[in-house]
Amino acid sequence: MIIISGILSYSGISAKARAMGGKLLKKEQYEQLASCASVGEAVGYLRQFSEYEPLLRDFDEHDSHRGMIEATLMGSLYNDYNRLYSFARGEQRAFLDFYFLHYEAAYLKGCLRKVISGQSIQEDQAYRSAFFARHSHLDTDAIDNSTTVDELIDALKNTPFYHPLDAIRHTEEPSLFDYEGSLDVYYFSYVWKQKDKLLKGKERQIIADSYGRRIDLLNIQWLMRAKKNYRMTAPELYAMVVPSYYHLKPDDITAIVEAPTYEEARLLIVNGYYGQKYADDFAEIRFVEKMYTELVEHIFELAGRKNPYSVAPLNALLYRKEHEIARITSIIEGIRYGIPTAKLMKYAVTQ
């Protein structure tokens, strides 16, 4: 009876998620996009797709930059979320509600980047504004009018984001990296805790496995990037770790952090759970961000196929759509700077 109840409660939204997933770009469509000779041609190609045509109908590719393109395309992700939300009920909406925190954290990271670089937050927010008005409790008017980091953080009082950011601003010479890291740690720690409060049974187990692996891989990505590119102390490395553990245990984190060299840390990972589980991906850790994105996408997709009548297909679709937009944005930016098609496919698109 429980299985039948699950099928009935998820049949509508699962079918919706599958239909939306079928509209995601395929490899050959990425190749066609990457082979465009100009930004204008690329925008014209994207107008062929129903998910992007309404957003790009009046888009002026001659008076745009990466942020404008990405903000416009994000309107398609927001539309997908709203469609799922309209179909969702009960536990499904509970999942989407706490998933939404991810969009708020991403929005705040973008705001921080702008105020730190002296740009206006209000730019490129047209599609986000209506979306947040429906789902967010943030005072976006106060945030959008902020011109300094202090004003931005003060606009977040009485929200869950205030304390992690306020703690960072009281440290010595906080950087954008520090602020963004605190938002990521807060978000993933929140999801890890909330899954036990908002979900139960199979749903909780699915999200625990998917996000447990995602958090582990994110910690690996951050630690490897930091050990390779930055001279960070052990306390600084520990501070950037999401304190939620799945297959990567605290002792594993300690060993990686305390490893004297990048190569020794890499070998610990290659010989650990994820290095063995995903041997081909970890054999040569060079592009850790790309590896993380592709592995998480694979994990989420697999969970969705194994559990079609659950929150897993929703989770997979939203993740895949977000990274479709990131890939499209990277390709268009590469076209702007004359990067060859083969190179764009190698670095921007899953092979």
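Residues numbered from 1 in each chain as written. Predicted model: local features only at pLDDT ≥ 70, side-chain atom pairs only at ≥ 80, totals over all residues. Heavy atoms only, no water.

1. Digging into the overall build of the protein chain
Next, step 1: For the protein chain, the helix and strand inventory stands at 20 helices and zero strands.
Next, step 2: At 21 Å, the protein chain has a C-alpha radius of gyration in line with the 20 Å of a compact globule built from 351 residues.
Next, step 3: Once the C-alpha set of the protein chain is aligned to its principal axes, its extents read approximately 60 × 55 × 45 Å.
Next, step 4: A burial count over the protein chain gives 52% of its 351 residues as buried. (Helix = DSSP H or I, 4+ residues; strand = E, 2+ residues; numbered from the N terminus. Rg over C-alpha atoms; globule rule 2.2 N^0.38 Å. Buried < 20%, exposed > 50% of the residue type's maximum accessible area, 1.4 Å probe, protein only.)

2. A look at empty space enclosed by the protein
Next, step 1: If you walk through the whole model with that rule in mind, you get one cavity of 30 Å³ or more.
Next, step 2: Its boundaries defined by the atoms lining it, the largest cavity holds a volume of some 50 Å³.
Next, step 3: Around the largest cavity, the lining residues are M20, K23, L24, L25, F49, E51, Y52, D80, K321 and E324.
Next, step 4: Counted by class, the lining of the largest cavity contains five nonpolar, no polar and five charged residues. (1 Å grid on protein atoms, 1.4 Å probe; cavity = no way out; pocket = protein on both sides within 12 Å on 5 of 7 lines; lining within 4 Å. Points joined across faces, edges and corners; volume = space filled by probe spheres on them. Nonpolar A, V, L, I, M, F, W, Y, C, P; charged D, E, K, R; others polar.)

3. Considerations on the pattern of salt bridges
Next, step 1: Enumeration according to the criterion identifies 19 salt bridges in this entry.
Next, step 2: When the shortest N-O distance is used, the salt bridge between E51 and K321 registers 3.7 Å. Of this pair, E51 sits in the loop between α3 (39-46) and α4 (53-56) while K321 is found in helix α19 (residues 312-336), placing the two residues 270 residues apart along the sequence. In terms of burial, E51 and K321 fall into one category: buried. (Salt bridge = Lys/Arg side-chain N within 4 Å of Asp/Glu carboxyl O.)

4. Things to note about the packing of helix α12 (residues 201-229) against helix α14 (residues 250-258)
Next, step 1: Interaxial distance between α12 and α14 falls to 10 Å at its minimum, and their mutual angle equals 15 degrees. When the interaxial angle is binned, α12 and α14 end up roughly parallel. For the element pair α12 and α14, the recorded crossing hand is right-handed. Where α12 approaches α14, its residues N219, L223 and K227 are matched on the opposing element by I253, I256 and V257.
Next, step 2: Here the residues of the contact of α12 with α14 are counted per class, giving four nonpolar, one polar and one charged. (Axes fitted to C-alpha atoms, helices over the stretch in contact; angles between N-to-C directions. Parallel < 35°, antiparallel > 145°, perpendicular 65-115°, else oblique. Left-handed = near helix turned anticlockwise from the far one by under 90°. Contact = heavy atoms within 4.5 Å.)

5. Description of the packing of aromatic side chains
Next, step 1: In the structure shown here, the tally under the stated rule is 25 aromatic pairs.
Next, step 2: On the numbers, 6.2 Å between centres and 75 degrees between planes, the contact of W192 with Y246 is edge-to-face. You can see W192 sitting in helix α11 (residues 176-198) and its partner Y246 sitting in the loop between α13 (234-239) and α14, a full 54 residues away along the chain.
Next, step 3: With relative accessibility at 22%, the residue Y246 sits in the partly exposed group. (Phe/Tyr/Trp six-rings, centres within 6.5 Å; stacked < 30°, edge-to-face > 60°.)

Purely geometric stuff here, so don't read any function into it on its own.
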